[in-house]
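Structural characterization, general
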Amino acid sequence: MKNIDWGSLKFAYTKTDAVIYSLYKDGKWSSPIVSEDFNLPLNCYAGVYHYGSSCFEGLKAFRGVDGKIRLFRPDQNAKRMQTSAKFLDMAYPSEELFIQMCIMSVQANSEYIPPVDSSASLYLRPLLMGINPQLGIRSSDEAMFIIMASPVGTYSGDLSLVPGKAVIGRNYDRAAHQGSGGVKIGANYAQSLHPYNLAHNQGYRELLFVDSKTNSMIEEFGSSNFFAIKNNTYITPSSPSVLPSITNACLRTVAEDMGLKVERRDIPVEELAEFEEVNSCGTAVVITPICSIDDKQILENPEVQHHYTFGDGTHCGPISEKLYNQIIGIQKGKIEDKYGWNIFVDCK
Ligand SMILES: Cc1ncc(COP(=O)(O)O)c(C=O)c1O
């Protein structure tokens with residue numbers, strides 16, 4: 001294992017040993033290649049540079065209490081990447097190739113899998129991009145599928161359950177009503193860069209988007225889903241422009257197992273006043289509690305139309321903390337994985 005201060009890792013890039021890639025040309029994928037060179041030569045006319053023909057995924061590998069290495073639900077990421085690639089009319093790796101290359105990446109970078117007692121993990125970033133030289137606007141015929149790996153901590157450093165402040169800026173949309181919000185393409189994130197900078201510069205950790213059609217229903221944060229707890233019920237938005245989060249799906253299952261009611265439905269912004277606990281959830285953030293949400297008509301302006309608060313402002317809500325412990329427990333082999341979510345990876 002590398003000599004890294006695991007506790008000080010944030011959700012940021014750390015150089016590792018290898019990337020794994022495969023190239024798609026003339027209707028087939030090449031055998032995966034292990035490369036120590038991360039500066040891959042791409043033609044500057046590649047579609048990815050001009051027309052955003054790219055989609056990506058994020059998943060994590062963990063060292064378990066039994067010393068075994070677990071990869072969490074890579075089949076779900078493979079399926080979601082297929083949906084994203086279909087949206088872009090691009091070739092995509094089979095589920096088998098996707099999982100095979102994730103395993104190869106964990107094995108090639110196994111020295112960077114954090115110890116079980118740290119809150120860090122090995123994050124895998126599968127990326128699919130259009131690489132054939134082109135000038136006109138059309139989908140890419142040739143593609144590169146690559147798996148990168150980096151050890152990461154949580155967004156807030158070592159403390160995974162420190163509540164943060166969020167803001168709604170009603171003058172910015174994440175995804176169009178009939179657009180690409182439900183798939184994980186690079187273009188969605190380009191759209192959120194500027195409003196995110198505005199929010200961060202005002203001291204907010206998170207930016208919460210509302211739906212672009214009525215500008216009134218909660219959708220999701222820029223890189224994670226929204227869920228709330230009210231009257232022993234787990235409530236999360238149901239919208240085709242929200243990314244179907246794998247973490248959120250797991251949490252709904254775990255919540256039902258814990259005896260909570262689960263509701264997926266429209267959530268008007270005003271309902272924030274009734275929630276006992278509010279969180280963002282996703283692979284990167286796991287569960288990150290939100291202690292307050294400011295609702296702003298214009299993100300750039302100082303005026304706040306409504307200020308909502310949740311819990312005591314310093315601790316995660318009790319139900320959310322139980323959900324967090326269940327998920328982390330399954331990922332680290334402390335709690336029985338009764339749904340078979342983990343894949344074991346043999347590392348030397
Ligand atoms: C916009 C958005 N929503 C939600 C999520 C959470 O999804 P998952 O739980 O599959 O990581 C992510 C991260 O992938 C995301 O980028």
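See the structure shown above.
Quick caveat: nothing in here was measured; it's all calculated off a predicted structure.

**Comments concerning the site of the ligand**
- In the vicinity of the ligand there are 15 residues, among which Tyr189, Glu220, Ser245, Thr247 and Thr283 approach most closely.
- Here a nitrogen atom of the ligand sits 2.5 Å away from a polar atom, N or O, in the side chain of Glu220.
- The fraction of the free accessible surface of the ligand (380 Å²) that becomes covered by protein chains is 96%.

**Let's talk about the packing of aromatic side chains**
- What the rule picks out here adds up to 10 aromatic pairs.
- For the pair Phe98 and Phe145, a centre-to-centre distance of 5.5 Å together with 25° between the ring planes defines the contact as stacked. Of this pair, Phe98 sits in helix α3 (residues 95–108) while Phe145 sits in strand β8 (residues 143–152), placing them 47 residues apart in sequence. In terms of burial, Phe98 and Phe145 fall into one category: buried.
- Look at Phe227 and Tyr234: their rings are 4.5 Å apart centre to centre, the planes differ by 15°, and that puts the pair in the stacked class.

**Thoughts on the nonpolar core**
- In terms of nonpolar packing, the biggest core is built from 32 residues, with Trp29, Leu71, Val106, Leu124, Leu128 and Phe145 touching the most fellow members.
- Listed by contribution, the elements that provide at least two residues to this core are β1 (19–25), β5 (59–63), β6 (69–72), α2 (74–87), α3, β7 (121–130) and β8.
- Ranked by the residues each element gives to this core, the list is headed by α3, at 6 residues.
- Not counting residues up to four positions away in its chain, the partners in contact with Trp29 are Ser22, Leu23, Tyr24, Ala91, Tyr92, Pro93, Leu97, Leu128, Ala143, Met144 and Phe145.
- Leu198, Tyr204, Val278 and Phe310 belong to the second largest nonpolar core, which has 27 residues in total.

**Thoughts on the pairing of strand β12 (residues 225–230)**
- Across the 6 residues that make up β12, a large majority, 6, are buried.
- Because side chains alternate across β12, one face comprises the buried residues Asn225, Phe227 and Ile229, and the other comprises Phe226, Ala228 and Lys230, equally buried.
- Pairing geometry for β12 and strand β15 (residues 277–282), over 5 bridges, is antiparallel. Across the sheet, Asn225 pairs through a bridge with Cys281, a residue of β15.
- Sheet topology places β12 next to strand β13 (residues 233–237); 3 bridges connect them, and they run antiparallel. Residue pairing in the sheet places Lys230 in a bridge with Thr233 of β13.
- With antiparallel pairing between neighbouring strands as the criterion, β12 and β13 make up a hairpin whose turn holds 2 residues, including Asn231 at a positive phi of roughly 45°.

**Details of the environment of Gly27**
- Locating Gly27 in the fold gives a position in the loop between β1 and β2 (28–29).
- Among the residues examined, Gly27 registers a relative accessible area of 54% and is labelled exposed.
- On a C-alpha basis, the gap between Gly27 and Glu142 in space is 8.6 Å, while along the polypeptide they are 115 residues apart.

**Details of the pattern of salt bridges**
- With the rule as written, the count across this model stands at 12 salt bridges.
- One salt bridge connects Glu95 with Lys79, and the closest N-O pair in it is separated by 3.3 Å. With Glu95 in helix α3 and Lys79 in helix α2, this residue pair connects regions lying 16 residues apart in the sequence.
- Note on Glu95: relative accessible area 27%, which makes it partly exposed.
- Measuring nitrogen to oxygen at the nearest pair gives 2.8 Å for the salt bridge that ties Glu271 to Lys230. Of this pair, Glu271 sits in the loop between β14 (261–265) and β15 while Lys230 sits in strand β12, and the two are 41 residues apart along the sequence. Across the pair, Lys230 and Glu271 agree in class, each one buried.
- Beyond isolated ion pairs, a larger network of salt bridges with shared partners links Lys230, Lys261, Glu263, Arg265, Glu271 and Glu274.

Thresholds, definitions, all that
- Residues numbered from 1 in each chain as written.
- Predicted model: local features only at pLDDT ≥ 70, side-chain atom pairs only at ≥ 80, totals over all residues.
- Heavy atoms only, no water.
- Near = heavy atom within 4 Å.
- Polar contact = N/O pair within 3.5 Å; in protein donor to acceptor, adjacent residues only side chain to side chain.
- Areas by Shrake-Rupley, 256 points an atom, 1.4 Å probe, with all protein chains shown as cover.
- Phe/Tyr/Trp six-rings, centres within 6.5 Å; stacked < 30°, edge-to-face > 60°.
- Helix = DSSP H or I, 4+ residues; strand = E, 2+ residues; numbered from the N terminus.
- Buried < 20%, exposed > 50% of the residue type's maximum accessible area, 1.4 Å probe, protein only.
- Core = buried A, V, L, I, M, F, W, Y, C linked by side-chain atoms within 4.5 Å.
- Contact = heavy atoms within 4.5 Å.
- Pairing = 2+ DSSP bridges.
- Salt bridge = Lys/Arg side-chain N within 4 Å of Asp/Glu carboxyl O.

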